[in-house]
Structure formats: structure tokens, C-alpha cells
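# A closer look at the structure
Each chain, written out:
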Amino acid sequence: MVEFAEKGISADSASPFIFRNFIRKNILGLNFKSNAASMVQDNEIYSNSGTGEDHTGGMNILAAAPTIKLNTFKNNSGSKASAITYFGAGELMIEDCHFNDNQSTGGGVITCLAGSINVSGSNFINNTGYAINNKSTENSLAKGCYWGTQETAAIAEMIYDSNDDAQYGTVDFSELLTAENTEAGSTFEFKGTLQIKVQNIFTSAPIEGAVITSLVFQSLETTDANGDFSISVSAGS
């Protein structure tokens, strides 16, 4: 768990394997620069604010080339990019990731400022701002992705590229997926045993023979470093 930091994880001229972490509630989740070539795989990257100097919530990449695979980016924000900003000389690979409920004002879920990106097998669902904001002169790829629609005109509206400003490169979003890629995103989750006691709210005495007829979990997330967690249950359960 990496949380409540200005920059959650930083790699400078280093190549750590960042695997199966919850990276949340930071100003910037991950920061890569100076030829860092990390593998970032199977992480939950969410609720990072993007209010710092990088104006990016999830991940900022400067002159580095990490491989980004099987991660979930959700509820991140940032005026430059909510999930990923890339400024590099090569091609950034983004494979089988899930992007949902990220918010950017004037930017994108993914913003490319230099170099190119190659996104494949990924889902873009219910994000605000552009899904891909290509402000690089090079062409990029976003093939084999799911966009929540099959209408090419609607998908084109989610992408900023040479069709909006001729000085920038194109984004090829062909080979559309007709349904969400269920294998995209992180499989990392909390596992354990949940014990439920039914008791009198006034006396705290246990109620013998009580039966729970339905229980619908709406959310599950840790609340502190000790691993204690809270569960939200739907009304009437």
C-alpha cells in the first residue's frame, strides 16, 4: 500500500519491478525519469489527485520507458492527465489496462507530449476529458481497445490528435473490441475472513439466532496501515 505521499513511487535511472500494489490517495502515484525502464504490472492505481507540479494523478513519465501492463487506473484526476503523462523519445507500451472514472480538465486520461504510445487490449470507461490526448508530433496506436461504444465518430471525439490540430500526430484506434476486455486491469484484491456479529445497538448484547438474509458489498478498501478495512453495505440489507 502506497498512500498519502506527494509522489508515491519514484524511479530515477532505475528499473524496479512494481507489482501488485495499491497506489492511492497520493498527489502523484508514480514518477519515472532519466531512462527508468521499470515493469509496472497488476497494480490498483486510484484516487490520486494530480494537484502537484506535474498536473498528473496516476503516473508521470519523463525520458523513461516503463512497460505498463494489467493495471487498473480509476478515479484519478489531473489537468494534464488523470492517469498517465508521457514525455519520451521512444514508444510507451500500455497493455491490457483498465481506465475508468478518471477525470481531466483540458487534458486526457493518457496524454502524450513527446514520443509515441502504443495502447492495446485496454478499456476506457466513463472517463472525463480526452481518453487519449496526443500532443506529440509522432503517430500513436490505440488498437484493439474497448471504448464503451462502437461508433467511430464518438470514439474520435474521445481522442485529440491531428484531426484536431494538424501539427500533432495521429492516433490509430482501429480493431475495436465489441465488449469490455474482462482480462484487462489488475486482479489484485484483498483476501481474508470476514466475521459478522449481530448485536443490539443499545446494549451491544449479541442477538441469538439472528439471520442475515442478504448482504451486498458496494465497496471494500483498507482504511489504515494495519490492514483494517471498512465495508459499505446497501440500505435494507
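Before any of the text, the structure's been laid out above.
So, here is what we can say about the structure in this document. (Residues numbered from 1 in each chain as written. Predicted model: local features only at pLDDT ≥ 70, side-chain atom pairs only at ≥ 80, totals over all residues. Heavy atoms only, no water.)

## Observations regarding the pairing of strand S11 (residues 81-95)
Looking at chain direction, strand S8 (residues 59-62) and S11 are connected through four bridges and run parallel. Looking at the pairing, Ile 61 lines up with Tyr 86 of S11. Taken together, the two bridges between strand S9 (residues 67-69) and S11 define a ladder with parallel strand orientation. Paired with Ile 68 across the two strands is Ile 94, which belongs to S11. Judged from the ten bridges that link them, S11 and strand S13 (residues 103-120) form a sheet pairing that is parallel. In the sheet register, Phe 87 faces S13, and the bridge partner there is Ala 114. (Pairing = 2+ DSSP bridges. Helix = DSSP H or I, 4+ residues; strand = E, 2+ residues; numbered from the N terminus.)

## A look at the pairing of strand S5 (residues 28-33)
Among the six residues of S5, five are classified as buried, and the element is accordingly described as predominantly covered. Summarising the sheet, strand S2 (residues 7-12) and S5 pair through five bridges and their orientation is parallel. The residue bridging Ile 9 from the neighbouring strand is Leu 30, located in S5. Here S5 runs beside S8; their pairing, made up of four bridges, is parallel. Residue Lys 33 lies in a different strand from S8, and its bridge partner there is Leu 62. (Buried < 20%, exposed > 50% of the residue type's maximum accessible area, 1.4 Å probe, protein only.)

## Here's the deal with the sheet that holds strand S7 (residues 44-46)
In space, the six strands of this open sheet follow the order S1-S4-S7-S10-S12-S14, with parallel pairing throughout. The sheet is open, and its two edges are formed by strand S1 (2-3) and strand S14 (123-125), each paired on a single side. As paired elements, S1 and strand S4 (residues 22-24) share two bridges and run parallel to each other. Each residue of the ladder has a partner; that of Val 2, found in S4, is Ile 23.

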